[in-house]
Amino acid sequence: QVQLLESGGGLVQAGGSLRLSCAFSGGTFSSYAMGWFRQAPGKEREFVAGISRSGGNLYYGDSVKGRFIISRDNAKATVNLQMNSLKPEDTAVYYCAADLTNTIVKVTTRSYDIDYWGKGTAVTVSS
(Lines give C-alpha, C1' and ligand atoms only; values in the text may rest on other atoms or scores of the structure.)
Protein backbone atom coordinates (compact mmCIF):
# COMPACT_ATOMS: atom_id res chain seq x y z
CA GLN A 1 0.00 0.00 0.00
CA VAL A 2 1.38 3.37 -1.02
CA GLN A 3 2.01 5.78 1.81
CA LEU A 4 2.92 9.45 1.61
CA LEU A 5 4.44 11.26 4.56
CA GLU A 6 4.78 15.03 4.47
CA SER A 7 7.15 17.08 6.57
CA GLY A 8 8.48 20.61 6.77
CA GLY A 9 5.40 22.61 7.63
CA GLY A 10 5.36 25.26 10.31
CA LEU A 11 4.98 28.93 11.13
CA VAL A 12 6.80 31.53 9.06
CA GLN A 13 6.58 35.27 8.61
CA ALA A 14 5.38 36.79 5.37
CA GLY A 15 8.20 36.96 2.86
CA GLY A 16 9.91 33.93 4.32
CA SER A 17 10.53 30.47 2.92
CA LEU A 18 9.71 26.89 3.78
CA ARG A 19 10.59 23.60 2.16
CA LEU A 20 8.07 20.78 2.27
CA SER A 21 9.10 17.19 1.67
CA CYS A 22 7.08 14.08 0.93
CA ALA A 23 8.45 10.59 1.42
CA PHE A 24 6.86 7.91 -0.76
CA SER A 25 6.78 4.23 0.16
CA GLY A 26 4.94 1.04 -0.75
CA GLY A 27 5.12 1.28 -4.52
CA THR A 28 7.24 2.18 -7.52
CA PHE A 29 7.75 5.91 -7.16
CA SER A 30 8.74 6.49 -10.77
CA SER A 31 5.33 5.18 -11.90
CA TYR A 32 3.55 8.09 -10.25
CA ALA A 33 3.02 11.67 -11.24
CA MET A 34 3.30 13.65 -8.02
CA GLY A 35 1.84 16.87 -6.80
CA TRP A 36 1.00 19.20 -3.96
CA PHE A 37 -2.45 20.48 -3.12
CA ARG A 38 -3.55 22.70 -0.28
CA GLN A 39 -6.69 23.43 1.66
CA ALA A 40 -7.28 26.56 3.68
CA PRO A 41 -9.94 26.71 6.40
CA GLY A 42 -13.38 27.01 4.87
CA LYS A 43 -12.09 26.57 1.33
CA GLU A 44 -11.92 23.77 -1.18
CA ARG A 45 -8.74 21.85 -1.79
CA GLU A 46 -6.76 23.48 -4.58
CA PHE A 47 -3.92 22.45 -6.84
CA VAL A 48 -0.53 23.97 -6.01
CA ALA A 49 2.11 22.23 -8.11
CA GLY A 50 2.61 19.06 -10.10
CA ILE A 51 5.50 17.13 -11.59
CA SER A 52 5.57 14.32 -14.12
CA ARG A 53 7.04 10.89 -13.55
CA SER A 54 10.44 11.78 -14.94
CA GLY A 55 10.45 15.30 -13.50
CA GLY A 56 10.66 16.81 -16.95
CA ASN A 57 7.24 18.47 -16.87
CA LEU A 58 6.15 20.89 -14.17
CA TYR A 59 2.98 22.86 -13.65
CA TYR A 60 1.95 25.41 -11.04
CA GLY A 61 -1.23 26.99 -9.83
CA ASP A 62 -1.55 30.63 -10.78
CA SER A 63 -1.33 31.83 -7.20
CA VAL A 64 2.11 30.29 -6.63
CA LYS A 65 3.81 30.70 -10.02
CA GLY A 66 7.21 32.31 -9.68
CA ARG A 67 7.35 31.66 -5.93
CA PHE A 68 7.13 27.88 -5.48
CA ILE A 69 9.31 25.19 -7.00
CA ILE A 70 8.44 21.49 -7.13
CA SER A 71 11.09 18.83 -7.58
CA ARG A 72 11.44 15.08 -7.21
CA ASP A 73 14.21 12.59 -6.60
CA ASN A 74 13.26 9.22 -8.05
CA ALA A 75 16.24 7.52 -6.43
CA LYS A 76 15.16 8.68 -2.97
CA ALA A 77 11.40 8.48 -3.67
CA THR A 78 10.79 12.00 -2.48
CA VAL A 79 9.04 15.06 -3.82
CA ASN A 80 9.73 18.52 -2.50
CA LEU A 81 8.07 21.89 -2.59
CA GLN A 82 10.26 24.93 -2.08
CA MET A 83 8.05 27.84 -1.07
CA ASN A 84 9.49 31.34 -1.30
CA SER A 85 8.08 34.81 -0.76
CA LEU A 86 5.33 33.35 1.34
CA LYS A 87 2.12 35.31 1.86
CA PRO A 88 -0.56 35.04 4.54
CA GLU A 89 -2.91 33.67 1.88
CA ASP A 90 -0.59 30.67 1.50
CA THR A 91 -1.71 29.52 4.94
CA ALA A 92 -3.22 26.06 4.55
CA VAL A 93 -2.73 22.37 5.08
CA TYR A 94 -0.52 21.09 2.28
CA TYR A 95 -1.09 17.60 0.94
CA CYS A 96 1.24 15.42 -1.05
CA ALA A 97 -0.53 13.53 -3.83
CA ALA A 98 0.31 10.60 -6.10
CA ASP A 99 -1.29 9.65 -9.41
CA LEU A 100 -0.46 6.24 -10.88
CA THR A 101 -0.15 6.83 -14.61
CA ASN A 102 1.27 5.18 -17.71
CA THR A 103 1.89 8.59 -19.23
CA ILE A 104 5.43 9.73 -18.55
CA VAL A 105 4.75 13.39 -19.37
CA LYS A 106 1.49 13.75 -17.46
CA VAL A 107 1.23 16.38 -14.75
CA THR A 108 -1.74 15.85 -12.48
CA THR A 109 -3.69 18.95 -11.55
CA ARG A 110 -7.11 17.55 -10.63
CA SER A 111 -8.03 16.08 -7.27
CA TYR A 112 -10.16 13.33 -8.76
CA ASP A 113 -7.14 11.91 -10.62
CA ILE A 114 -5.24 11.37 -7.39
CA ASP A 115 -4.84 7.78 -6.21
CA TYR A 116 -3.12 8.45 -2.90
CA TRP A 117 -3.00 11.36 -0.47
CA GLY A 118 -0.75 12.15 2.44
CA LYS A 119 -2.21 13.29 5.74
CA GLY A 120 -1.01 16.83 5.25
CA THR A 121 1.33 19.29 6.89
CA ALA A 122 0.20 22.67 8.16
CA VAL A 123 1.75 25.91 6.93
CA THR A 124 0.94 29.18 8.66
CA VAL A 125 2.20 32.48 7.29
CA SER A 126 1.93 35.43 9.65
CA SER A 127 1.65 39.00 8.44
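It should be emphasised that the depicted structure is a prediction, and the values quoted were computed from it without experimental measurement. (Residues numbered from 1 in each chain as written. Predicted model: local features only at pLDDT ≥ 70, side-chain atom pairs only at ≥ 80, totals over all residues. Heavy atoms only, no water.)

Student: It is not clear to me how the overall build of the protein chain should be interpreted in this structure. Could you clarify?
Tutor: Scanning the protein chain from N- to C-terminus turns up zero helices and 11 strands. Sequence-ordered secondary structure for the protein chain, helices as α and strands as β, is β-β-β-β-β-β-β-β-β-β-β. With the principal axes as the frame, the protein chain shows a C-alpha extent of 40 × 25 × 25 Å. A burial count over the protein chain gives 43% of its 127 residues as buried. Sequence-distant contacts, at least 24 apart, represent 60% of the contacts inside the protein chain between residues at least 6 apart. Of the charged side chains in the protein chain, 13 are positive and 10 negative, and the gap between their average positions amounts to 4 Å. (Helix = DSSP H or I, 4+ residues; strand = E, 2+ residues; numbered from the N terminus. Buried < 20%, exposed > 50% of the residue type's maximum accessible area, 1.4 Å probe, protein only. Contact = heavy atoms within 4.5 Å. Lys, Arg positive; Asp, Glu negative; His and termini not counted. Charge placed at Lys NZ, Arg CZ, Asp CG, Glu CD.)

Student: Teacher, can you tell me more about the sheet that holds strand β7 (residues 68–73) here?
Tutor: The strands that make up a sheet pair up through hydrogen bonds in the backbone, lying either parallel or antiparallel. Sheet architecture is open: four strands sit in the order β1-β3-β8-β7, paired in antiparallel fashion. Across the chains shown, the open sheet's two edge strands, defined by having one partner strand only, are β1 (3–7) and β7. Looking at each pair of strands side by side, their axes are set apart by 15° on average, direction ignored. As judged from the six bridges shared by strand β3 (residues 18–25) and strand β8 (residues 78–83), these two strands associate in the antiparallel manner. Following the sheet pairing, Ala-23 is matched in β8 by Thr-78. (Pairing = 2+ DSSP bridges. Axes fitted to C-alpha atoms, helices over the stretch in contact; angles between N-to-C directions.)

Student: Before we go on, may I ask you to explain the nonpolar core in this structure?
Tutor: Note that soluble globular proteins tend to have their nonpolar side chains buried in a common cluster. Phe-24, Met-34, Trp-36, Val-79, Leu-81, Met-83 and Tyr-94 are the most contacted members of the largest nonpolar core, which totals 30 residues. Listed by contribution, the elements that provide at least two residues to this core are β3, β4 (32–39), β5 (46–51), β7, β8, β9 (92–100) and β11 (121–126). The residues contacting Leu-81, other than those within four sequence positions of it, are Leu-18, Arg-19, Leu-20, Trp-36, Val-48, Ala-49, Phe-68, Ile-69, Ile-70 and Tyr-94. (Core = buried A, V, L, I, M, F, W, Y, C linked by side-chain atoms within 4.5 Å.)

Student: Sorry, what's going on with the pattern of salt bridges here?
Tutor: Working definition: two side chains of opposite charge can pair if their charged atoms are close together. For the structure on display, the rule yields six salt bridges. Via salt bridges that share partners, Arg-38, Glu-46, Arg-67 and Asp-90 belong to a single interconnected network. (Salt bridge = Lys/Arg side-chain N within 4 Å of Asp/Glu carboxyl O.)

Student: What exactly am I supposed to notice about the packing of aromatic side chains here?
Tutor: Evaluated as defined, the whole model comprises seven aromatic pairs. Pairing Phe-24 with Tyr-32 gives two aromatic rings, centres 5.1 Å apart and planes at 55°, and the pair type is tilted. Tyr-32 matches Phe-24 in its accessibility class, with the two residues each being buried. These aromatic residues form a ring-pair network of at least three members: Phe-37, Phe-47, Tyr-59, Tyr-95 and Trp-117. Residue placement shows Arg-45 over the ring face of Trp-117; its charged tip is 4.5 Å from the ring centre. (Phe/Tyr/Trp six-rings, centres within 6.5 Å; stacked < 30°, edge-to-face > 60°. Lys NZ or Arg CZ within 6 Å of the ring centre and 35° of its normal.)

Student: What is the right way to read unusual backbone geometry from this model?
Tutor: For residues that are not glycine, phi is negative in most cases, and the peptide bond is trans in most cases. Of note in this structure, Ala-77 is not a glycine but carries a positive phi near 55°. With a phi angle near 50°, Ser-85 is a residue other than glycine that sits in the positive phi range. By secondary structure assignment, the location of Ser-85 is in the loop between β8 and β9.

It is worth stressing that arrangement in space is one thing and function is another; only the former is reported here.
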